[in-house]
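So you can see what is in the structure, the chains are spelled out below.
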Amino acid sequence: MSLDTTAGKLADLRARLEKAQDPGSERARAKRDEAGRTTPRQRINRLLDPGSFVEIGALGRTPDEPDAPYSDGVVTGYGRIDGRPVAVYAHDKTVYGGSVGVTFGRKVCEVMDMAIKIGCPVIGIQDSGGARIQDAVTSLAMYSEIARRQLPLSGRSPQISIMMGKSAGGAVYAPVTTDFVIAVDGEAEMYVTGPAVIKEVTGEVITSADLGGARQQEKNGNVSYVATDEEDAFNYVHDLLARLPLTCHDPGPEYAAPSDEEVADATALDTFMPDDTNAGYDMHDLLVQLFDDSDIQEIQPGYAPNIITAFARVDGKSVGVVASQPIESAGCIDADAADKAARFIRICDAYNIPLVFIVDTPGYLPGVQQEEVGLIHRGAKLAFALVEATVPKVSLIVRKAYGGAYAVMGSKNLTGDINLAWPTAQIAVMGSAAAVVMIQGKQLDAAPPEQRDYLKKIFMDFYDENMTSPYVAAERGYIDAMIEPNQSRIALRQALRQLETKREQDLPKKHTISPM
């Protein structure tokens, strides 16, 4: 059909758009289909509300190459999730291996610029071979252009990365700069340099899965959540967005919540805490009883499990939860836990999500290894993030709150707004076992061996009764209210209502300087 006619031109457009739907080579598409992997458009359509995807740049391709495939390795556009706007892009591994070229970069920058203008989340479905080597500096320039746009978005609109395949080099720096990284188990691999380059340069031999698999990168602290499959990944993202605002200037979503009467008397909590102060319990079992419902979304569950960071709801509104986990390292805060909690606090503060601390920690984790990995400056980051946060901060001490860990878990002295405590709370510089060594060590050494255990017990009992009692803290004004456990749900609700109009302004300056 002649291109001189309108009908011919229309047919030509339709043919081009049809070709652009799945533009990879026949070999690349067959390899993808054989592996049972979905196309980028299938992934986007599964993520977004049905029929809401509006694509841009479908006919984009490498300039001055007549046979270059359409899309240039990435599908970009806009759509909606639960009726709310999002910008989205998905790498296409069948076109140049999903590597970044000039048109690829411009397309991604276009949707990021639009997200900055209109104020909406950006979701990247990552499956990239990294820089397009044959494009040389142009590819690097496009990586930098994409990275540059992450800064104005950071803390303004949520940025989420879904790792669906191998991502190497610059293709991992952009995702880990976003707020959340979701990696599909068995599919996602992330590394700066792959096994072949490592072997060539250092002589080390390792498989790509061992080097950068989802579970390994979760342990390295680079992943927010490891999904079992694509479906699980998309569901996690939906749940995440249901807890976040479109921008830091917008209110977060609100949901139906139990009435005050329904939460006023949570009697099961009265028998929750074990009588033995050293007995372990799973903090998850407590969290599901404290908030609106059991729908609690944990962030980085596989990293530093001795501290829990999660989203929950109080009064139908999102809260960020930072909770000790007594069955992991007795709930001590180590360097990894401090990093994890500090970053989560900053995410919540950026998006105006109140913080709730559930405290049962015997302190920072002692040990040579912890000192070697920088517990001093990494532990300080947690205190720094807490003080820097201006959102409402409520702390509930359910058992141990010792030493510096007491301070950084939302204490009033480090800018916590409201501190509550159960009668089972223990607040002190250290526990009685450590205190007896520090205070009575010489006297015990001088005592007859057969009396040492008896004397040690007398001192520890005295210390627990007089030095760790929560009433000492309450008398001095460090605890706002001692409450019965059954009152916890209504007390958290009342505290957050009280703080709803809280506003804080920092002193005028350019920015803070975080610890080393």
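Just so you know, these numbers come straight off a predicted model, no measurement behind them. (Residues numbered from 1 in each chain as written. Predicted model: local features only at pLDDT ≥ 70, side-chain atom pairs only at ≥ 80, totals over all residues. Heavy atoms only, no water.)

A word on the overall build of the protein chain
Tallying secondary structure elements over the protein chain gives 20 helices and 17 strands in all. Here the C-alpha coordinates of the protein chain stretch approximately 105 × 60 × 45 Å along the principal axes. Here the protein chain holds 516 residues, and the buried ones make up 51% of them. If you take every contact in the protein chain between residues at least 6 apart in sequence, the share linking residues at least 24 apart comes to 72%. In the form shown here, the protein chain has an accessible surface area of approximately 24,300 Å², with 54% of it arising from carbon and sulfur atoms. Looking at the protein chain, you have 51 positive and 71 negative side-chain charges, and the mean spots of the two groups are 7 Å apart. (Helix = DSSP H or I, 4+ residues; strand = E, 2+ residues; numbered from the N terminus. Buried < 20%, exposed > 50% of the residue type's maximum accessible area, 1.4 Å probe, protein only. Contact = heavy atoms within 4.5 Å. Areas by Shrake-Rupley, 256 points an atom, 1.4 Å probe, with all protein chains shown as cover. Lys, Arg positive; Asp, Glu negative; His and termini not counted. Charge placed at Lys NZ, Arg CZ, Asp CG, Glu CD.)

Thoughts on the UniProt feature "domain: CoA carboxyltransferase C-terminal" (unreviewed entry) in the protein chain
Using the residue numbers shown here, the UniProt feature "domain: CoA carboxyltransferase C-terminal" (unreviewed entry) corresponds to residues 258-509. Its end C-alpha atoms 43 Å apart, residues 258-509 is made of 41% helix and 18% strand. (UniProt positions renumbered as here; feature names shortened; annotations may be inferred.)

A word on the domain arrangement of the protein chain
Partitioning the protein chain into structural domains gives domain 1 (6-243), domain 2 (260-425 + 479-499) and domain 3 (431-468). Distance between the C-alpha centres of domain 1 and domain 2: 35 Å. Each partner contributes residues to the interface: domain 1 has 20 residues there, and domain 2 has 18 residues. Between domain 1 and domain 2, roughly 1,500 Å² of surface is buried when both sides are summed, and carbon and sulfur atoms account for 46% of that area. For the domain 1 face of the interface with domain 2, the top three residues by lost area are Phe180, Glu218 and Arg243, together amounting to 41%. Here domain 1 is connected to domain 2 by 1 salt bridge. A salt bridge links Asp295 to Arg243; its shortest N-O distance comes to 3.0 Å. (Domains from an automatic or database assignment. Buried area = accessible area lost by both parts, 1.4 Å probe. Salt bridge = Lys/Arg side-chain N within 4 Å of Asp/Glu carboxyl O.)

Topic: helix H13 (residues 335-350)
When the terminal C-alpha atoms of H13 are compared, their 23 Å separation across 16 residues agrees well with the 22 Å that a helix rising 1.5 Å per residue should span. Regarding H13, the residues found buried are Ala335, Ala337, Ala338, Lys340, Ala341, Ala342, Phe344, Ile345, Ile347, Cys348 and Asp349. (Expected span 1.5 Å × (residues − 1).)

Points about empty space enclosed by the protein
As enumerated under the stated definition, the model contains 3 cavities of 30 Å³ or more in all. Taken as a whole, the largest cavity encloses approximately 70 Å³ of empty space. Lining of the largest cavity is provided by Tyr89, His91, Val100, Phe104, Val108, Gln126, Ser128, Tyr143, Ile146, Gly170, Ala171 and Ala174. Contributions of two or more residues to the lining of the largest cavity are made by strand E3 (84-91), helix H4 (102-118), helix H5 (137-153) and helix H6 (170-176). The greatest single-element share of the lining of the largest cavity, amounting to 3 residues, is contributed by H6. (1 Å grid on protein atoms, 1.4 Å probe; cavity = no way out; pocket = protein on both sides within 12 Å on 5 of 7 lines; lining within 4 Å. Points joined across faces, edges and corners; volume = space filled by probe spheres on them.)

Quick notes on the pattern of salt bridges
This structure, assessed with the given rule, holds 33 salt bridges. Its salt-bridge partner being Asp480, residue Lys412 comes within 2.9 Å of it at the nearest N-O pair. On the criterion of sequence distance, the pair formed by Lys412 in the loop between helix H16 (403-408) and strand E15 (418-421) and Asp480 in the loop between helix H19 (470-475) and strand E17 (481-482) is long-range, its members being 68 residues apart. Taking relative accessible area as the criterion, Lys412 reaches 26% and is therefore assigned partly exposed. With relative accessibility at 42%, the residue Asp480 sits in the partly exposed group. One salt-bridge network, held together by shared partners, links Asp260, Asp292, Asp315, Arg493 and Arg497.

Quick look at the side chain of Gln126
Inspection of the secondary structure assignment puts Gln126 in strand E4 (residues 122-126). A polar contact of 3.0 Å, which involves the side chain of Gln126, links it to the side chain of Tyr89. For Gln126, the residues in contact, after removing those within four places along its chain, are Tyr89, His91, Ser161, Ile162, Met163, Met164, Gly165, Ser167, Ala171 and Pro175. (Polar contact = N/O pair within 3.5 Å; in protein donor to acceptor, adjacent residues only side chain to side chain.)

Details of the nonpolar core
Core analysis: the largest hydrophobic core is formed by 64 residues, its most contacted members being Leu47, Ile123 and Ile182. Among the elements that line this core, the one with the most residues is H13, at 8 residues. In this view, Ile123 contacts Leu47, Ile81, Val86, Ala87, Val88, Tyr89, Ile160, Ile162, Val237 and Leu241; residues no more than four positions away in its chain are not counted. Counting residues in hydrophobic clusters, the runner-up holds 31 residues, among them Phe272, Phe291, Ile483 and Ala491. (Core = buried A, V, L, I, M, F, W, Y, C linked by side-chain atoms within 4.5 Å.)

Quick notes on the sheet that holds E4
Consider a sheet: its strands pair through backbone hydrogen bonds, and that pairing is either parallel or antiparallel. Strand order in the open sheet made by the 7 strands is E1-E2-E3-E4-E5-E7-E9, with mixed pairing throughout. Two strands bound the open sheet, and with one partner strand each, they are strand E1 (54-56) and strand E9 (225-227). In this sheet, adjacent strand axes meet at a mean angle of 20° when their direction is disregarded. Of the strand pairs in this sheet, strand E7 (residues 180-184) and E9 are connected by 3 bridges, and their pairing is parallel. Bridging across to E9, Ile182 finds its partner in Tyr225. (Pairing = 2+ DSSP bridges. Axes fitted to C-alpha atoms, helices over the stretch in contact; angles between N-to-C directions.)

Here we look at the packing of helix H17 (residues 432-446) against helix H18 (residues 449-466)
Close contact between H17 and H18 brings their axes to 10 Å; oriented N to C, the two are set at 135°. The angle between the axes of H17 and H18 places the two elements in the oblique class. Crossing of H17 over H18 shows right-handed handedness. Seen from H17, the contacting residues are Ser432, Ala433, Ala435, Val436, Ile439, Gln440, Leu444 and Asp445; seen from H18, they are Arg452, Leu455, Lys456, Phe459, Met460, Tyr463 and Asp464. Grouping the constituent residues of the contact of H17 with H18 by class yields 9 nonpolar, 2 polar and 4 charged. (Parallel < 35°, antiparallel > 145°, perpendicular 65-115°, else oblique. Left-handed = near helix turned anticlockwise from the far one by under 90°. Nonpolar A, V, L, I, M, F, W, Y, C, P; charged D, E, K, R; others polar.)

Side note on the layout of surface pockets
The computed volume of the second largest pocket comes to approximately 460 Å³. Contributing to the lining of the second largest pocket are 20 residues, with Lys31, Arg32, Arg37, Lys93 and Asp127 lying nearest its centre. No other element matches helix H2 (residues 26-34), which puts 4 residues into the lining of the second largest pocket. Counted by class, the lining of the second largest pocket contains 3 nonpolar, 6 polar and 11 charged residues.

Section: the pairing of E3
Most of E3 is tucked away, with 6 of its 8 residues classed as buried. Direction of pairing for strand E2 (residues 74-81) relative to E3: antiparallel, over a ladder of 8 bridges. Across the sheet, residue Val74 finds its bridge partner in E3, namely His91. Here E3 pairs with E4 via 4 bridges, running parallel. Bridge pairing in E4 places Val88 opposite Ile123. For the segment spanning E3, H4 and E4, crossover handedness is right-handed. (Right-handed = clockwise from strand over helix to strand, strands pointing away.)

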